Amino acid sequence: MSYLVCATRGGPGSRASQEKAIAYAMEQTSELVFLYIVDTSSLEEVDDSLKTAYLEELSWLGRVLLLTAQKRANNAQVVSEIVMREGSVKDEICNFLEERSAELLLLGAPRGTTAAIFGDDSIEVFAREISKISGVPVEIVRPEEILEG
């Protein structure tokens, strides 16, 4: 079984990557998985008395984003799975890609990032790191490519 993974975090870039992932899933025989990582690295900045509530809120947000992505897939008659993990975003994505023997990871670029002229904006660097560690190709989807075009 081959897996197409769409990491999501909210915002126009994630919506664009979800739309692209759904289109790919309609064309291919890959299983579609929407993945959300609750980034625990930001916990260092949170007061100890608020950490539990903070994680619960991030988890709630993640579930809403995942269910929204899954509903988009369902509306296109595409079956999808949703998965949420906690930890380092890069580490958890790489671990998941390896566990599932993923064939492709889609990432949404934040609105306003530059196209791959030099390939040095943060999303391009992140994508290269993920691909190098996991061996899985990473496609960056820019919101203007899907939502406005």
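Residues numbered from 1 in each chain as written. Predicted model: local features only at pLDDT ≥ 70, side-chain atom pairs only at ≥ 80, totals over all residues. Heavy atoms only, no water.

Visitor: Explain the environment of Ser101 residue by residue, including any values.
Guide: For Ser101, the location among the structural elements is in the loop between helix H3 (89-100) and strand S4 (102-108). In this structure the C-alpha to C-alpha distance between Ser101 and Tyr3, which are 98 residues apart in sequence, comes to 6.8 Å. (Helix = DSSP H or I, 4+ residues; strand = E, 2+ residues; numbered from the N terminus.)

Visitor: Quick one: what's the story with helix H2 (residues 51-75), residue by residue and with numbers?
Guide: Over its 25 residues, H2 runs 36 Å from end to end, which matches the ideal 36 Å to within 8%, given 1.5 Å per residue. What H2 keeps buried is the set Leu55, Leu58, Ser59, Gly62, Leu65, Leu66, Ala69, Gln70 and Ala73. For H2, the secondary structure elements touched by its buried residues are helix H1 (12-27), strand S2 (31-39) and strand S3 (80-87). Immediately downstream of H2, the backbone of Gln77 shows phi near 60°, a positive value. (Expected span 1.5 Å × (residues − 1). Buried < 20%, exposed > 50% of the residue type's maximum accessible area, 1.4 Å probe, protein only. Contact = heavy atoms within 4.5 Å.)

Visitor: Mind laying out the packing of aromatic side chains, listing which residues take part and the relevant values?
Guide: Summed over all chains, the structure comprises 0 aromatic pairs. Sitting over the ring of Tyr3, Arg100 keeps its end group 5.1 Å from the ring centre. (Phe/Tyr/Trp six-rings, centres within 6.5 Å; stacked < 30°, edge-to-face > 60°. Lys NZ or Arg CZ within 6 Å of the ring centre and 35° of its normal.)

Visitor: Which residues make up the packing of H1 against H2, and what values go with them?
Guide: Contact geometry for H1 and H2: axes closest at 10 Å, N-to-C directions at 35°. In this structure, the crossing between H1 and H2 has a hand that is right-handed. In contact with Arg15, Gln18, Glu19 and Ile22 of H1, H2 contributes Ala69, Arg72 and Ala73. Residues belonging to the contact of H1 with H2 are distributed by class as follows: 3 nonpolar, 1 polar and 3 charged. (Axes fitted to C-alpha atoms, helices over the stretch in contact; angles between N-to-C directions. Left-handed = near helix turned anticlockwise from the far one by under 90°. Nonpolar A, V, L, I, M, F, W, Y, C, P; charged D, E, K, R; others polar.)

Visitor: Could you give an account of a nonpolar patch on the surface, naming the residues involved and the relevant values?
Guide: On the surface, Trp60, Leu61 and Val64 cluster together into a nonpolar patch covering about 270 Å² of accessible area. Inspection of the secondary structure puts Leu61 in helix H2. (Patch = residues over 30% accessible without salt bridge, like charges linked within 9 Å, V, L, I, M, F, W, Y side chains within 5 Å. Areas by Shrake-Rupley, 256 points an atom, 1.4 Å probe, with all protein chains shown as cover. Salt bridge = Lys/Arg side-chain N within 4 Å of Asp/Glu carboxyl O.)

Visitor: An account of the pairing of S4 is needed here, citing residue identities and associated values.
Guide: Burial analysis of S4 places 6 of its 7 residues in the buried class, which makes it a mostly covered element. Bridging between strand S1 (residues 3-7) and S4 involves 4 bridges; their strand directions are parallel. Directly across from Leu4, in S4, lies its bridge partner Leu104. Sheet topology note: the S4/strand S5 (residues 138-141) ladder contains 4 bridges and is parallel. Each bridged residue has a counterpart across the sheet, and for Leu105 the counterpart in S5 is Val138. (Pairing = 2+ DSSP bridges.)

Visitor: Tell me about the nonpolar core, and please be specific about residues and values.
Guide: With 22 residues, the main nonpolar core has Leu4, Leu32, Phe34 and Leu106 as its most contacted residues. Secondary structure elements with two or more residues in this core: S1, H1, S2, H2 and S4. Ignoring anything within four residues of it in the chain, the contact list for Leu106 reads Leu4, Val5, Cys6, Ala7, Ser17, Lys20, Ala21, Tyr24, Glu139 and Val141. Core analysis: the second largest hydrophobic core is formed by 20 residues, Leu35, Ile93, Ala109 and Ile140 among them. (Core = buried A, V, L, I, M, F, W, Y, C linked by side-chain atoms within 4.5 Å.)

Visitor: Describe helix H4 (residues 122-134), listing the residues and the values that go with them.
Guide: An α-helical turn contains 3.6 residues, so a residue and the one three or four places further along point in the same direction. Taking 1.5 Å of rise per residue, 13 residues should cover 18 Å, and H4 covers 18 Å from first to last C-alpha, within 8% of that figure. Those residues of H4 lying buried are Ile123, Glu124, Ala127 and Ile130. The buried residues of H4 all sit within an arc of 125° when viewed along its axis, so they share a single face. The exposed residues of H4 that point more than 90 degrees off its buried face are Ser122, Lys132 and Ile133. (Arc of directions from axis to C-beta.)

Structural measurements only, silent on function.
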